[in-house]
Amino acid sequence: MSAEPEPQPGEKSRSFRFPTAFTVLAAVLLLVWIASFFVPSGTYTKDSSDSPKPGTYHTLPWCSATLATSPALDVESPTESGQAPADAAAAPGATYGEAGLPCVDTSFTFRFKQLWDATPNGLYGLENVNGFVGPWEEGLLYGSAAIFLFVLAVGAFITVTMKTQAIQTGIGRLALRFRHSGSVLVAILMAVFALGGTSYGMWEETLGFFVLLVPLALALHYDRMVAAAIIFLGAGTGVIASTVNPFATGVASDAAGITIGDGIGLRIAMWFVLLALAIAYVLWYARRVRTTPEKSVVGVSPQDASEAESLISDVPALTGRQKLILVLFAGTFLLMIYGFIPWNDLWQEGFGKNFPLPTFADFYFPEAATLFLVMAVVIGLIARLGEEGTVTTIVAGAADFLGARTDHRPRARDHGRDEERHADFAGVSRAIAVTAFQSASGLVNLVTPTSAVIMGGLALSKIGYDRYLKFVWPYLIAVFVVVCAFIGISAATG
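Computed from a prediction, not measured in an experiment: that's the story for all the values here.

Thresholds, definitions, all that
- Residues numbered from 1 in each chain as written.
- Predicted model: local features only at pLDDT ≥ 70, side-chain atom pairs only at ≥ 80, totals over all residues.
- Heavy atoms only, no water.
- Pairing = 2+ DSSP bridges.
- Helix = DSSP H or I, 4+ residues; strand = E, 2+ residues; numbered from the N terminus.
- Expected span 1.5 Å × (residues − 1).
- Buried < 20%, exposed > 50% of the residue type's maximum accessible area, 1.4 Å probe, protein only.
- Core = buried A, V, L, I, M, F, W, Y, C linked by side-chain atoms within 4.5 Å.
- Contact = heavy atoms within 4.5 Å.
- Axes fitted to C-alpha atoms, helices over the stretch in contact; angles between N-to-C directions.
- Parallel < 35°, antiparallel > 145°, perpendicular 65-115°, else oblique.
- Left-handed = near helix turned anticlockwise from the far one by under 90°.
- Nonpolar A, V, L, I, M, F, W, Y, C, P; charged D, E, K, R; others polar.
- Phe/Tyr/Trp six-rings, centres within 6.5 Å; stacked < 30°, edge-to-face > 60°.
- Lys NZ or Arg CZ within 6 Å of the ring centre and 35° of its normal.
- Salt bridge = Lys/Arg side-chain N within 4 Å of Asp/Glu carboxyl O.

Caption draft 1: Inspection of the sheet that holds strand E7 (residues 133–134) at higher detail. Here we have three strands laid out as an open sheet, ordered E7-E6-E8, and antiparallel in their pairing. Both edges of this open sheet fall to E7 and strand E8 (140–141), since each of them pairs with a single strand only. Sheet topology note: the strand E6 (residues 126–127)/E8 ladder contains two bridges and is antiparallel. Bridge pairing in E8 links Leu126 to Leu141.

Right, dumping it as structure tokens:
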């Protein structure tokens, strides 16, 4: 069975092209802003533990922006009026607004300013006691500046390491060793990708592996879909069952007011079950294609298989320097995982005493970002990229990741209050709400056409999106059922 014909040069495609993730996000932002004019603003009455009481939701009256965002200062000047930080208290004509007044400004001017400032406020805004966000507020950091820097640092680290060819060559050598044991190799690779997904949200980093795994899969008498599935279902399953993934579990746990260790037992159990399900599904399909190529959803050509065989045989041996780089690469992520896990909390819950090994007193996104930047420099020096080569690669890697995390990473506080409210109202723990949120996000991530990895990986594998949907939908249904069962049982048993 031959592969699907590709469009000829100059041939216009009449299929609908889904907008990019940035366009979708901008459209959603605009729609939510428009809805704010029609949906009344309101709040809940809080109990002694600062949790919302069910049935106490009430709308807020109108007031000026200054009173709505109190405590604040009124400062009149020839060019500006409105809020100012506390150090402007001595400014001429400065007066305090009434602190804590529960009201909202629904004027078009104020709402338009909120829309205009939404992007920078989401990055570095400050949130006051009434929940209003802006650069002039007093309170806690609302935006995702720390996470943003961490993402750029990870991008720089990954790019520098891949510049040395150590990752690509290492995977190639692993493939050569197990080329006659296809099932074993598929299981190992999926487990590796799943470990990356559950620990640090490995996703965009997988794009470099499609070119390598496609010829490998064809040489093993599988089809292109098997290669894509190893990556998609491996890393994707790890993201669904994220254990200490800072982009999903860490951010959502912080927003919900719990530690990243809360609910980790449930997520570890889910990881093993879902990974076993993913491996079994891919192996079932792979054996089916190997036995009966006509059942491939994408088609297999003898020419592809013969060319793939020659490509696999040309993988070079790992040099001593590349082996050292791989050790440092793996060690960096292991150190990050070790730092993110709240060992003392887990040991206190399980054994009633502190963790016996040394732990970090404070380790989160800022510390992890510095770790990756430092190790990017170390690997660049070991690889002899030079000062200019190392710096240039770090900058290029950070630039590549500027838009990479927009399609599946939860923002620091975007859903925090919803998670708190839904968990409290449903009578379940916030840890279960976090697990439900990250699992649903990861499940959608495997199929959304706005994902750069899904569409880019399919393009590199030369697989149509419709062919991928035909392959993956039974697995998505199975995962949905399993996750619902885990969460339902956990909620029922408390």
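Caption draft 2: Quick peek at helix H7 (residues 182–200). Over its 19 residues, H7 extends 27 Å from the first C-alpha to the last, a length consistent with the 27 Å expected when each residue adds 1.5 Å. Within the span of H7, buried status applies to Gly182, Leu185, Val186, Leu189, Met190, Phe193, Ala194, Gly196, Gly197, Thr198, Ser199 and Tyr200. Taken from the residues just after H7, Gly201 is the one with a positive phi, measuring 70°.

Caption draft 3: Looking closely at the nonpolar core. Counting residues in each nonpolar core, the largest one holds 99 residues, and the members touching the most others are Phe150, Phe193, Phe232, Leu233, Met336 and Phe471. Looking at this core element by element, the count peaks at 14 residues for helix H11 (residues 264–291). Discounting chain neighbours no more than four positions away, the residues touching Phe471 are Met225, Ala229, Leu233, Tyr281, Tyr285 and Val297. Within the second largest apolar cluster, five residues are counted, among which are Ala252, Ala256, Ala431 and Val434.

Caption draft 4: Fine view of the packing of H11 against helix H20 (residues 465–493). It is at 11 Å that the axes of H11 and H20 come closest, and there the two elements cross at 160°. Taken together, the axes of H11 and H20 lie roughly antiparallel to each other. The handedness of the crossing between H11 and H20 is right-handed. Two secondary-structure elements touch here, H11 through Leu266, Ala269, Met270, Val273, Leu274, Leu277, Ala278, Tyr281 and Tyr285 and H20 through Phe471, Pro474, Tyr475, Ala478, Val479, Val482, Val483, Phe486 and Ser490. Considering only residue class, the contact of H11 with H20 consists of 17 nonpolar, one polar and no charged.

Caption draft 5: Focus on the packing of aromatic side chains. Scanning the model with the defined rule gives 22 aromatic pairs in all. When the ring of Tyr281 is compared with that of Phe471, the centres are 5.3 Å apart and the planes differ by 45°; the resulting orientation is tilted. Pair noted here: Tyr281 is in helix H11 and Phe471 is in helix H20, with a separation of 190 residues, a long-range link. Judged on exposure class, the residue Tyr281 and its partner Phe471 are both buried. Clustering of aromatic rings is evident, with ring pairs tying together Trp33, Phe37, Phe108, Phe112 and Trp116. One Lys or Arg, Arg111, reaches over the ring of Phe37 and ends 5.8 Å from the middle of that ring.

Caption draft 6: View of the pattern of salt bridges. Evaluated as defined, the whole model comprises two salt bridges. For the salt bridge of Asp117 with Lys113, the shortest nitrogen-to-oxygen distance reads 2.8 Å. Arg467 is the partner of Asp466 in a salt bridge, and the nearest nitrogen-oxygen pair spans 3.8 Å. In this structure Asp466 comes out as partly exposed when scored by relative accessible area, which is 47%.

Caption draft 7: Highlighting the side chain of Thr198. Take Thr198: it is sitting in helix H7. With residues up to four places along the chain from it excluded, the contact list for Thr198 reads Gly238, Val239, Ala241, Ser242, Thr243, Val244, Asn245 and Trp271.

Caption draft 8: Up close: the packing of helix H13 (residues 320–340) against helix H15 (residues 365–382). Where H13 contacts H15, the axes come no closer than 11 Å and their chain directions differ by 175°. The angle between H13 and H15 places the two elements in the roughly antiparallel class. Contact with H13, carried on its side by Arg321, Leu324, Ile325, Leu328, Thr332, Phe333, Leu335, Met336 and Phe340, involves Phe365, Ala368, Leu371, Phe372, Met375, Val378, Ile379 and Ile382 of H15 and no other residues of that element. Its residues placed into classes, the contact of H13 with H15 shows 15 nonpolar, one polar and one charged.

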